Amino acid sequence: MSRFRTFPKGGIHPQDYKEATCNKEIQNASLSSIAVVPLSQHIGAPCECLVKKGDLVEEEQVIGKAGGFVSANIHSPVPGEVKEIKKIFLPNGIAVDAVVIEMQGEFKRLGKETTPADWNSMSNEEIAAKISEMGIVGQGGATFPTHVKLSLPKGKVCETFIINAVECEPYLTSDHRVMLEKADEVLEGIKIVQRLLNPGKTVIGIEANKMDAVEHLQSLISTKGYDMEVMPLEVKYPQGAEKNLIKAVTGKEVPSGQLPLEVGVINANVGTCLSIYEAVVFSKPVIERIVTVSGGAIKNPSNLKARVGTSFRTLIEDCGGFSEEPVKVIAGGPMMGFTVYDLDTPVTKGTSGILALTAKEIKAAKPTACLSCGRCISACPMGLNPTKIYKYVDFNMSDEAAAAGLMDCVECGSCSFMCPAHIPLVQGFRGGKKVIRKNSMKKAGK
Ligand code: SF4
Ligand code: SF4
């Protein structure tokens, strides 16, 4: 039995392939001459476009204004001329408008010294406004606008603030590198959030395969006397899924369909805490992020600091290109990521990884009939019966699928990973959820 805490139901142990990048320092990615900046890089309303063809924009200029409270501003990652506004498809298959900027002119921040602001002298309102203005979204993949997450509704109390530094997806190491290379800034970001939320307790959850990061943060926290603790967690996928992390850290279960705040928890990804620090102290919007570029088909796997809007192709070339033709390119991790068919796909605020995988890594095989082996049931961290739900989805029985818990599925992919019949369970669940959402919007007359 592991000496570390974890979630109790299901979970799997895929090979983690992190050794390719976890010991490599973050490098700057090249800037592509054309930046393609989607106007929706978050959960919530798309941004309202503030520019048109022919406009000259500055680095960090707001080009997309948040389209509502649950939305996040989008800033130009480079100075240049707007060449067009066009429709593109994001890796998750959603079509969005994107501003195409040809890079030209002077950079406002790049390569220049900036004076830090003293956030201790700022009011909570000023800090919250900065976080909102700078377009911060959850960087662990969920891309939920951070200013919304940090707005405590009246009467609600944050008992525990959890920093998600688990990074349980195989291959991905960007959060790991951030904790090693940007620890001071991350801790300062956490302190800023502590000021806003006044939590009873602050816990940084890290999987125990990153003990160098655990020790580094622990030593800094004790030297600085900060009121927060680092909790190493068992290495088990999907330890980083929100509800699993909360269960592991607090022992509390977030009820079906409810938010973590129902059990007194707010959580934020470790990269998000870095962005909060940069936004509040340096007024820096989210125009870049750390991306792990890895997989057996990448010549020199790396962690790159890349501007939003830079093409996947540019980052892959920065890593020496392909060592062999990949069978699949994925945006994100191999378990929850999306297959990408166009290397001109741009980096967005939510791009944690770009993986180019070989046939050996994918072990692709044609699906066969269900063997009723029950492995998917044992693997599911949400206690669902994936084979049953899949059958409902397959037969378009949406109501039955919903009653069996489809909307509680966190799309972690553990069931698909374990299925000896290679049934594309999680793809089926994504499709099934779309149908349920469409139906409920229809019913609501939207
Ligand atoms: S993808 Fe959904 S059904 Fe499958 S294991 Fe994860 S939570 Fe369970
Ligand atoms: S793991 Fe695959 S084969 Fe086994 S019960 Fe689940 S769906 Fe059927």
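Residues numbered from 1 in each chain as written. Chains lettered and ligands numbered in written order. Predicted model: local features only at pLDDT ≥ 70, side-chain atom pairs only at ≥ 80, totals over all residues.

What to know about the pairing of strand β11 (residues 229-233)
What counts, and what does not: Paired strands, as defined in this entry, are two strands with at least two bridges between them according to DSSP. Secondary structure follows DSSP: runs of H or I at least 4 residues long count as helices, runs of E at least 2 residues long count as strands, and numbering of each begins at the N terminus. Seen with the strands pointing away from the viewer, any crossover whose path from the first strand over the helix to the second strand runs clockwise is right-handed.
Across 5 bridges, strand β10 (residues 201-207) lies against β11 in parallel orientation. By the bridge assignment, Val203 is partnered in β11 with Glu229. In terms of handedness, the path from β10 via helix α5 (residues 211-224) over to β11 forms a crossover that is right-handed.

Some thoughts on the sheet that holds strand β17 (residues 353-357)
Whenever strands of a sheet pair, they do so through backbone hydrogen bonds, lying parallel or antiparallel. How we decide: Here contacts are defined at the residue level, using C-beta atoms placed from the backbone and a cut-off of 7 Å between them. Axes here mean lines fitted to C-alpha atoms, for a helix over just the part in contact, with angles spanning 0 to 180 degrees between N-to-C directions.
The 6 strands lie next to each other as β1-β14-β13-β17-β15-β16, forming an open sheet whose pairing is mixed. Strands with a single pairing partner mark the edges of an open sheet, and in this sheet they are β1 (27-28) and β16 (338-339). Both strand β13 (residues 288-294) and strand β14 (residues 302-307) contribute to a ladder of 6 bridges, which runs antiparallel. If you follow Thr292 over to β14, its bridge partner there is Asn303. Taken strand by strand, helix α3 (residues 174-181) contacts β13 and β14, and its axis lies near 125 degrees from that of β13.

Structural notes on the sheet that holds strand β6 (residues 74-75)
What the 3 strands build is an open sheet, ordered β3-β5-β6; its pairing is antiparallel. In this open sheet, the two strands that pair with only one neighbour each are β3 (48-49) and β6. The pairing of strand β5 (residues 62-65) with β6 spans 2 bridges and is antiparallel. The residue bridging Gly64 from the neighbouring strand is Ile74, located in β6.

Quick notes on the site of ligand 1
The line we're drawing: Working rule for contacts: place C-beta from the backbone, and if it is within 6 Å of a molecule or strand, that residue counts as near it. Ten residues, namely Ala, Val, Leu, Ile, Met, Phe, Trp, Tyr, Cys and Pro, are considered nonpolar, four, namely Asp, Glu, Lys and Arg, are considered charged, and the remaining ones, Gly among them, are considered polar.
Close to ligand 1 lie 16 residues, the nearest being Cys380, Cys409, Cys412, Ser414 and Cys415. When contributions to the shell around ligand 1 are tallied by element, the ones reaching two or more residues are α13 (414-418) and α14 (425-443). Top contributing element to the shell around ligand 1 by residue count: α14, with 3 residues. Of the residues contributing to the shell around ligand 1, the split by class is 13 nonpolar, 2 polar and 1 charged.

Concerning α14
What counts, and what does not: An expected span of 1.5 Å times one less than the residue number is assigned to each helix. Whether a residue is buried, exposed or partly exposed is read from the other C-beta atoms within 10 Å of its own C-beta, which are placed from the backbone; 20 or more gives buried, 12 or fewer gives exposed, and intermediate counts give partly exposed. To obtain the arc, one takes the directions from the helix axis to the C-beta atoms.
If you check α14, its first and last C-alpha atoms are 27 Å apart, about what 19 residues at 1.5 Å a residue would give, namely 27 Å. Within α14 the residues assigned to the buried category are Leu425, Val426, Gly428, Phe429 and Gly432. Down the axis of α14, the buried side of the element spans an arc of 140 degrees, and every buried residue falls inside it. In α14, the exposed positions that point more than 90 degrees away from the buried face belong to Gly431, Lys434, Arg437, Lys438, Met441 and Lys442. As for α14, its buried residues are in contact with α10 (375-379), α11 (386-394), α12 (398-403) and α13. Two residues or fewer after α14 comes Gly445, characterised by a positive phi angle close to 70 degrees.

Some points on the nonpolar core
The cut-off we apply is this: Buried Ala, Val, Leu, Ile, Met, Phe, Trp, Tyr and Cys residues form a nonpolar core when they are connected through C-beta atoms within 7 Å.
Counting 93 residues, the largest nonpolar core has Val37, Val193, Cys273, Ile276, Leu315 and Ile354 as its most contacted members. A total of 8 residues in this core trace back to one element, the largest contributor, which is helix α7 (residues 270-282). Not counting residues within four places of it along the chain, the set of residues in contact with Val193 comprises Leu150, Phe161, Ala268, Cys273 and Ile276. By size, the runner-up hydrophobic cluster in this structure holds 19 residues, among which are Ala379, Val393, Ala404 and Cys409.

Some details on the site of ligand 2
Around ligand 2 lies a shell of 14 residues, among which Cys370, Cys373, Cys376, Cys419 and Ala421 are the nearest. For the shell around ligand 2, the secondary-structure elements that each account for two or more residues are α10 and α11. Of the residues that constitute the shell around ligand 2, the class distribution is 10 nonpolar, 3 polar and 1 charged.

Examining the domain arrangement of the chain
Let me state the cut-off plainly: Segment limits for the domains were obtained from an automatic or database-derived domain assignment.
Under the domain assignment used here, the chain contains domain 1 (18-22 + 116-282) and domain 2 (375-443). A straight line from the C-alpha centre of domain 1 to that of domain 2 covers 29 Å. In this complex, domain 1 contributes 5 residues to the contact, which on the side of domain 2 involves 5 residues. Residues of the side of domain 1 that touches domain 2, tallied by class, amount to 3 nonpolar, 2 polar and no charged.

What to know about the environment of Pro301
With respect to the element layout, Pro301 can be found in the loop between β13 and β14. A residue is classified by how many C-beta atoms lie within 10 Å of it, and Pro301, with 24 of them, is buried. Ignoring anything within four residues of it in the chain, the contact list for Pro301 reads Ala20, Thr21, Val293, Ser294 and Cys319.

Observations concerning the pairing of strand β9 (residues 160-164)
Most of β9 is tucked away: 5 of the 5 residues are buried. Residues of β9 alternate between two faces, with Thr160, Ile162 and Asn164 on one and Phe161 and Ile163 on the opposite face, all of them buried. One ladder, built from 5 bridges, connects β9 with strand β12 (residues 265-269); its direction is parallel. Looking at the pairing, Ile163 lines up with Ala268 of β12.

Structural notes on helix α1 (residues 124-133)
All of the buried residues in α1 are Lys130, Ile131 and Ser132. Among the residues trailing α1, Gly135 stands out with phi positive, at a value near 70 degrees.

Concerning the packing of α1 against α7
The following threshold applies: The cut-offs work like this: below 35 degrees is roughly parallel, past 145 is roughly antiparallel, 65 to 115 is roughly perpendicular, and the gaps in between are oblique. Left-handed is the label given to a crossing in which the near helix is rotated counterclockwise from the far helix by less than a right angle, and right-handed is the label when the rotation is clockwise.
In contact at an axis separation of 9 Å, α1 and α7 are set at 115 degrees when each is read in the N-to-C sense. Regarding the angle of α1 to α7, the classification is roughly perpendicular. Our pair here, α1 against α7, has a crossing hand that is right-handed. On α7, the residues that touch Ile127, Lys130 and Ile131 of α1 are Ile276, Ala279 and Val280. For the contact of α1 with α7, the class distribution of residues is 5 nonpolar, no polar and 1 charged.

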